[in-house]
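# Coordinates in review
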Amino acid sequence: MNDISAVSYINDDDSSFEKDVRLAVAGDTDAFSRLYSLVYKDMYHIARYNLRNSHDASDAVSDAVADAFESIKNLRNEKAFRSWIMKILSAKIKKKQKEYLNDNTCEYEETVSESENFNYEYHDLKIALESLDEKSKMILSMSVINGYTSLEIAKICRINPATVRSRLMRIKKKLRLNLEESD
């Protein structure tokens, strides 16, 4: 299933999606696997962007999926699967970020090399993104990288959709100013 059909499978209230959620809630591992196949790329992209380390991102996704699998029987609304699993992932990301703060030996992967291919625009963007707080990075990654709507982000982050839109506007403005200053 390609990414576009996966999104429509979830967003169009497709009865087969809701059926898979009901089956997964009842303990069907194949149904859970089908649901996971729809969200794993988004989960990894969000974790990778926020943690800036592929191994930690994979660990966060794995932990979130394991927790989701164990607790899916408690999911009450079939339509809420995507936001529910993203909330679990968000908690795993926050936990890992706290570990970073407590562990001074943690090393982020370096994505900018000091070779002749050094890209100053990319470097400036990276510095601007690193200036954002963790909540802003999460909201930006959900919106820009994964294409979530403000309503979807609001459900995941448990904030008002209008707050999401205003934060996104402020985040983008801050990035623009940071990038203009670096020119």
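Let us look at the structure shown here.

About the cut-offs
- Residues numbered from 1 in each chain as written.
- Predicted model: local features only at pLDDT ≥ 70, side-chain atom pairs only at ≥ 80, totals over all residues.
- Heavy atoms only, no water.
- Helix = DSSP H or I, 4+ residues; strand = E, 2+ residues; numbered from the N terminus.
- Buried < 20%, exposed > 50% of the residue type's maximum accessible area, 1.4 Å probe, protein only.
- Contact = heavy atoms within 4.5 Å.
- Arc of directions from axis to C-beta.
- Axes fitted to C-alpha atoms, helices over the stretch in contact; angles between N-to-C directions.
- Left-handed = near helix turned anticlockwise from the far one by under 90°.
- Nonpolar A, V, L, I, M, F, W, Y, C, P; charged D, E, K, R; others polar.
- Polar contact = N/O pair within 3.5 Å; in protein donor to acceptor, adjacent residues only side chain to side chain.
- Salt bridge = Lys/Arg side-chain N within 4 Å of Asp/Glu carboxyl O.
- Phe/Tyr/Trp six-rings, centres within 6.5 Å; stacked < 30°, edge-to-face > 60°.

Quick look at the side chain of Lys96 now. Relative to the elements of secondary structure, Lys96 occurs in helix H5 (residues 81-102). Overall, Lys96 belongs to the buried group, its relative accessible area being 19%. Not counting residues up to four positions away in its chain, the partners in contact with Lys96 are Leu51 and Asp56.

A word on helix H8 (residues 150-157). Within the span of H8, buried status applies to Ser150, Ile153, Ala154, Ile156 and Cys157. Along the long axis of H8, the arc covered by the buried residues comes to 165°, so they all point the same way. Two residues or fewer past H8, Arg158 is found with a positive phi of approximately 60°.

Their axes nearest at 10 Å, the elements helix H3 (residues 29-51) and H5 cross at an angle of 35°. The two elements H3 and H5 meet at a crossing, and its hand is right-handed. Here Phe32, Leu35, Leu38, Val39, Asp42, Met43, Ile46, Ala47, Asn50 and Leu51 of H3 lie close against H5, whose contacting residues are Phe81, Arg82, Ile85, Met86, Leu89, Ile93, Lys96, Gln97 and Tyr100. Tallied by class, residues from the contact of H3 with H5 come to 14 nonpolar, two polar and three charged.

Within the secondary structure, Ser136 sits in helix H7 (residues 134-145). Separated by 2.7 Å, the side chains of Ser136 and Asp133 make a polar contact.

Here the focus is the pattern of salt bridges. Counted by the stated rule, this structure contains six salt bridges. Where Arg34 meets Asp20, a salt bridge forms, and the shortest distance between an N and an O atom there is 2.7 Å. On the criterion of sequence distance, the pair formed by Arg34 in helix H3 and Asp20 in helix H2 (residues 15-25) is long-range, its members being 14 residues apart. Owing to a relative accessible area of 6%, Asp20 belongs among the buried residues under this scheme. Two residues, Asp56 and Lys96, come together in a salt bridge whose shortest N-O distance is 3.8 Å. Separated by 40 residues along the polypeptide, Asp56 in helix H4 (residues 54-71) and Lys96 in helix H5 bring together distant segments of the chain.

So, on to the packing of aromatic side chains. Applying the stated criterion to the full structure yields five aromatic pairs. Geometrically, the ring pair formed by Phe32 and Phe69 is edge-to-face, given 5.2 Å between the ring centres and 75° between the ring planes. Of the two residues, Phe32 sits in helix H3 while Phe69 sits in helix H4, which places them 37 residues apart along the sequence. With relative accessibility at 41%, the residue Phe69 sits in the partly exposed group. Between Phe32 and Phe81 the ring centres are 6.4 Å apart and the planes differ by 85°, which places this aromatic pair in the edge-to-face class. Of this pair, Phe32 sits in helix H3 while Phe81 sits in helix H5, and the two are 49 residues apart along the sequence. Under the relative-accessibility criterion, Phe81 is labelled buried at 0%.

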